[in-house]
Amino acid sequence: MPQTLYCHQWGERRTSTLPVLMLHGHPGNGHAMAVFAEALQNEYWALAPDLRGYGRSRATAAFTMTDHLSDLATLLDRFELERCLVLGWSLGGILAVELALRYPERVCGTVLIATAARPRSNHPPTTLWDDMTTGLAATINWFVPGWQWNIDTLGKRSLFRYLVQQHTPTTYAYFAHTAVPAYLKTSRYARQALSTALKQRYNRLPDLPKLHCPALVMAAEHDHHITCASSRETARAIPNSTWIGYDDVAHLFPWEIPQRVRTDLKTWMQQHGF
């Protein structure tokens, strides 16, 4: 049964304003999409729901990934969104593709960030030391966001090294104010749903030629969670796609190079008349 999702909003709804539906990754919540929304809010109306099992959209029972799609269809109806641009980061990008395939009349374009229709990972095995160092680095950064000593001493030796390449105070501020709170509010049901989907070897590549709306695919060279190669494979399979690859960044690259990502996003949207 569809669930009513908590939804963050930026900008104003006007008849001349294109709605932009933003879908976060795992673990995450709608607030994580502020890095994009704050750049668009003067020209567009941006909505970012907390997906089921994340943030304020609490889950009380097990669910599947397809339940996210039912929830999002209900959200589109609730806000009377006949057509929208869908922007998805990581897991959110997979859901963006699914929405465009299931409801092509309602999706006028997609922005796929650090994601793939056949996601592959090259993340090295983690150790107990990795987990301990990451927990300590995250805790210190929670209390003192962007402290250079913590970044150099613990952050660069923790699992953060696989999430970002540019260990800057700005990036670590995102960790403190957005990533950690989202992680703490991600339910076990959300983790179970994603784990089950990954074990089923998700692959939508054969269906991508059905997508005729414009697509922007953005990926990072050092993404260990969803490899740059699998993102590029997705871009090549979509008929009307634009590819942007970034060097010296990783899976959370919108938090590493936010200004560059925002500029590229807005340029692409303007070029396609959104």
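**Observations regarding the side chain of Asp130**
Step number 1: With respect to the helices and strands, the residue Asp130 is situated in helix H4 (residues 128-143).
Step number 2: Reaching out from Asp130, the side chain makes a polar contact with the side chain of Arg161 at a distance of 3.3 Å.
Step number 3: When neighbours within four sequence positions are excluded, Asp130 is seen to be in contact with Pro125, Arg157, Leu159 and Arg161.

**Some points on the pattern of salt bridges**
Any two side chains of opposite charge can pair, given that their charged atoms come close.
Step number 1: For the structure shown, the criterion picks out 11 salt bridges.
Step number 2: The salt bridge involving Glu233 is made with Arg120; its shortest N-O contact spans 2.9 Å. Highlighted residues: Glu233 in helix H9 (residues 228-237) and Arg120 in the loop between strand S5 (107-113) and H4, separated in sequence by 113 residues.
Step number 3: Given a relative accessible area of 22%, Glu233 falls into the partly exposed group.
Step number 4: Judged by relative accessible area, Arg120 falls into the partly exposed class, the value being 32%.
Step number 5: What you see here is one network of salt bridges that share partners, running through Glu98, Arg204, Asp207 and Lys210.

The rules behind the values
By convention here, each chain's residues receive numbers from 1 onward along its written sequence. It should be noted that, the model being predicted, local features are given only for residues of pLDDT at least 70 and side-chain atom pairs only at 80 or more, the latter also being counted only at that level, while totals for whole chains, interfaces and linings use all residues. Side-chain descriptors were evaluated using all non-hydrogen atoms of the structure, hydrogens and water having been removed beforehand. Under the DSSP-based scheme used, a helix requires at least four consecutive residues in state H or I and a strand at least two consecutive residues in state E, with every element numbered from the N terminus. Definition of a polar contact: a pair of N or O atoms within 3.5 Å, with one able to donate and the other able to accept a hydrogen when the atoms are protein atoms, and with sequence-neighbouring residues admitted only if both atoms are side-chain atoms. Residue contacts follow a heavy-atom distance rule, with two residues in contact if any of their heavy atoms lie within 4.5 Å. When a carboxyl oxygen of Asp or Glu lies within 4 Å of a side-chain nitrogen of Lys or Arg, that pair is called a salt bridge. Relative accessibility decides the category of a residue: with a 1.4 Å probe and only protein chains considered, values under 20% of the type maximum give buried, values over 50% give exposed, and everything between is partly exposed.

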